[in-house]
Amino acid sequence: MRTLAAALVFLVPQVWAQNTPSNGLVGYWKLNGDAADSSGAQNPGNLIYRYAPYPAFQAGRLGLAFNSGGGAYVQVPDAPSLSALTSVTVEAWVYLNNYPATPPWGVSGGAPIVHKWGPAGASDDEFRLIVWHTKKLCGTVSGSRGYFNLESTIDFPLRTWTHVALTLDTARGVATLFIDGQANASLATNVIGDRDTYMPVEIGYVWHDSGGPISFDGVIDEVRIWNQALSQADIQVNMNRELPPLGPAKLWIGLKNSDDQGTQFDLRVELYKNLTTLLSAGEALCVTGVTRNPSLAKQVEVAFGQVAEDSLNSGDQLSLRILTRVGTNVDGTKCSGPGGSHNSAVGLRLYYDAMSRPSRFGAETPPDPLSGFFLHSSSTDFFDTAAPTASTPKYKDSSAVSFVDGNPWKAIGTWSMTVP
Ligand SMILES: [Ca+2]
Ligand SMILES: [Ca+2]
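In this text, all values refer to a predicted model and were calculated from it rather than measured experimentally.

Some thoughts on the overall build of the protein
Stage number 1. Counting its regular elements, the protein contains 2 helices and 32 strands.
Stage number 2. Expressed as a percentage of the 420 residues in the protein, the buried residues total 46%.
Stage number 3. Look at the contacts in the protein between residues 6 or more apart in sequence, and 69% of them connect residues 24 or more apart.

Given below as structure tokens:
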């Protein structure tokens, strides 16, 4: 049994076969008041107070964030999905109050952001992001070919929210430090991140090998660990938002009858478990510019609402239902189109199985034009993660929609898959 979030957030087939999502996100701590893992890889952390408990969560960069300045830290137990990542990305938003002091024992002081450290010293840390007392950000990865310390070329900004990311692309042999989405320093290296220790991931804290415990003096938010090297574009697209729990539906629509041109439409998507439990729904209202020819089909994005907590078992049916009606403002009045809006329309057409019009839905982390659950039809309507290959337009029409009849939603169709 899997939680819905674990199954749906990362929607590739492997999700149901193993715990590591194949989009590469292996740990995702939003730190919105707890240490829950939203990656789907099931790596929840524990909040540990070194001294007396205090309010460790406060307003952050995205929702709440974790204030480690009082001595608390987040500890995530070791797991196969967090070790020996080969290529890796470690990301976080950080707000540093002060540079770390050089401790009296004469070793380098540091403000630890994220560590998965080794039992023997820095040279066997699996990976880490830390701000040194020299004011530089440092990223480290180690493995069977040694380790690197890659330092920023600039002093780390104080008292301002700053996004940091370390990537190691083993295939290309490049490590890069990003600050606020811009590559700041890079290094050609043959290091591979294949170390596999039993140590936990720690956020905001490290036990310094020669100096004892060190806390990060500041606030940390939105920590993500990937088992792949994200591109700068991927980092920029995703750094300013929480990764969505379920990507939008992207639906290609057209008119059933060209006489309805100018009419505005509403679209609604509903996701069901076993056709009875509504897991999530979303609507796009007053969609304009809908025309008839397949080559003029219009893509409309419909965001899902929050996905209800539920569980999926092998054999459960997961279904996407798509509905339409005459375009309606939020106050219930009819939308007016620039070409004149009808009170009734012959119907709306959904394209779903042509190369250039692949209606689909699902997570996009990072956004990928060919990721998601694609709608298909054979003898039954279904969806899966394979992009359609048909070169001719495939579509399904709603029955007539009418505002004057009370403007009910009319189903275009229901697409399903069976959870393996
Ligand atoms: Ca947060
Ligand atoms: Ca391990």
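Having seen it, we continue.
Re the pairing of strand E20 (residues 265–273)
Stage number 1. Here E20 lies mainly inside the structure; 7 of its 9 residues are buried.
Stage number 2. The pairing of E20 with strand E21 (residues 277–287) spans 8 bridges and is antiparallel. Counted as the bridge partner of Glu270 is Ala281 from E21.
Stage number 3. Counted along the chain from E20 to the antiparallel partner E21, the turn is 3 residues long, and its residue Asn274 has a positive phi close to 55 degrees.
Stage number 4. Pairing of E20 with strand E24 (residues 317–326), which is carried by 9 bridges, proceeds in the antiparallel orientation. Paired with Glu270 across the bridge in E24 is Arg321.

Observations concerning the sheet that holds strand E6 (residues 72–76)
Stage number 1. The strand order across the open sheet built from 7 strands is E3-E6-E15-E8-E9-E10-E11, with neighbouring strands paired in antiparallel fashion. Of all the strands in the sheet, the pair left with one neighbour each is strand E3 (46–49) and strand E11 (146–155). Taking the axes of each pair of neighbouring strands and ignoring which way they run, one obtains an average angle of 20 degrees across the sheet.
Stage number 2. Pairing of strand E8 (residues 110–116) with strand E15 (residues 201–203), which is carried by 3 bridges, proceeds in the antiparallel orientation. Counterpart to Lys116 in the pairing with E15 is Val201.

Things to note about the environment of Leu375
Stage number 1. Position of Leu375 among the secondary structure elements: in strand E28 (residues 373–377).
Stage number 2. Look at Leu375 and you get buried, because 27 C-beta atoms sit within 10 Å.
Stage number 3. A C-alpha to C-alpha distance of 9.1 Å links Leu375 and Tyr351, two positions 24 residues apart in sequence.
Stage number 4. Discounting residues that sit within four places of it in the chain, Leu375 has contacts with Tyr352, Asp353, Ser359, Arg360, Phe383 and Trp415.

As for the confidence of the model for the protein
Stage number 1. With 86% of its residues at a pLDDT of 70 or more, the protein has an overall mean of 86.
Stage number 2. Contacts from residues 1–7, a stretch scored under 50 in pLDDT, to residues over four places away or in other chains number 21 contacts.
Stage number 3. The low-confidence segment residues 9–22 (pLDDT under 50) makes 37 contacts with residues lying over four places distant or belonging to another chain.

So, the nonpolar core
Stage number 1. The biggest cluster of nonpolar side chains holds 62 residues, and the ones touching the most others in it are Ala92, Ile113, Ile203 and Ile220.
Stage number 2. Sort the elements by how many residues they give to this core and strand E7 (residues 88–96) lands first, with 7 residues.
Stage number 3. With near-sequence residues (within four places) excluded, Ile220 lies in contact with Leu31, Ala65, Phe66, Ser68, Ala92, Val94, Ile113, Ile203 and Gly204.
Stage number 4. Membership of the second largest hydrophobic core comes to 35 residues, among which are Phe265, Leu279, Leu350 and Tyr352.

A few points about helix H2 (residues 232–239)
Stage number 1. Those residues of H2 not exposed but buried are Asp234, Ile235, Asn238 and Met239. The buried residues of H2 occupy an angular sector of 115 degrees when the element is viewed end-on, so they sit on one face.
Stage number 2. If you follow the buried residues of H2, they end up packed against E7, strand E12 (162–169) and strand E13 (174–179).

Observations concerning unusual backbone geometry
Stage number 1. A positive phi angle is found at Ala84, which is not glycine, with a value near 50 degrees.
Stage number 2. In this fold, Ala84 is placed in the loop between E6 and E7.
Stage number 3. Residue class for Ala84 comes out partly exposed when judged on the 17 C-beta atoms lying within 10 Å of it.
Stage number 4. The phi dihedral of Lys135 falls on the positive side, at around 80 degrees, and the residue is not glycine.
Stage number 5. Mapped onto the elements of the fold, Lys135 is located in the loop between strand E9 (127–132) and strand E10 (136–143).
Stage number 6. Owing to 17 C-beta atoms within 10 Å, Lys135 belongs among the partly exposed residues under this scheme.

Quick word on the environment of Arg360
Stage number 1. Within the secondary structure layout, Arg360 lies in strand E27 (residues 360–361).
Stage number 2. Since 26 C-beta atoms lie within 10 Å of it, Arg360 is described here as buried.
Stage number 3. Through-space distance from the C-alpha of Arg360 to that of Phe374 is 4.3 Å; in sequence the pair is 14 residues apart.

Brief notes about the environment of Gln261
Stage number 1. Structurally, Gln261 is set in the loop between strand E19 (249–255) and E20.
Stage number 2. The class for Gln261 is partly exposed, based on 16 C-beta atoms found within 10 Å.
Stage number 3. The sequence separation of Gln261 and Thr288 amounts to 27 residues, and the corresponding C-alpha distance is 9.3 Å.

Conventions we followed
Every residue gets a number counted from 1 within its own chain, in the order that chain's sequence is written. Chains carry letters from A onward and ligands carry numbers from 1 onward, assigned in written order. For this predicted model, a pLDDT threshold of at least 70 governs which residues receive local features, and a threshold of 80 or more governs which side-chain atom pairs are given and counted, while totals over whole chains, interfaces and linings are taken from all residues. Labels follow the DSSP assignment, with helices taken as runs of H or I lasting at least four residues and strands as runs of E lasting at least two, numbered in each case from the N terminus. Buried residues are those with 20 or more other C-beta atoms within 10 Å of their own C-beta, exposed residues have 12 or fewer, and partly exposed residues lie in between; C-beta atoms are placed from the backbone. By the convention adopted here, residues make contact when the C-beta atoms placed from their backbones lie within 7 Å. Pairing between strands is defined by DSSP: at least two bridges between them are needed. To obtain an axis, a line is fitted to C-alpha atoms, over the contacting stretch when the element is a helix, and the angle between two such axes runs from 0 to 180 degrees between their N-to-C directions. Confidence of the predictor at the level of single residues is given by pLDDT, which spans 0 to 100. A set of buried Ala, Val, Leu, Ile, Met, Phe, Trp, Tyr and Cys residues, joined to one another through C-beta atoms within 7 Å, is what we call a nonpolar core. The directions from the helix axis to the C-beta atoms form the arc being described.

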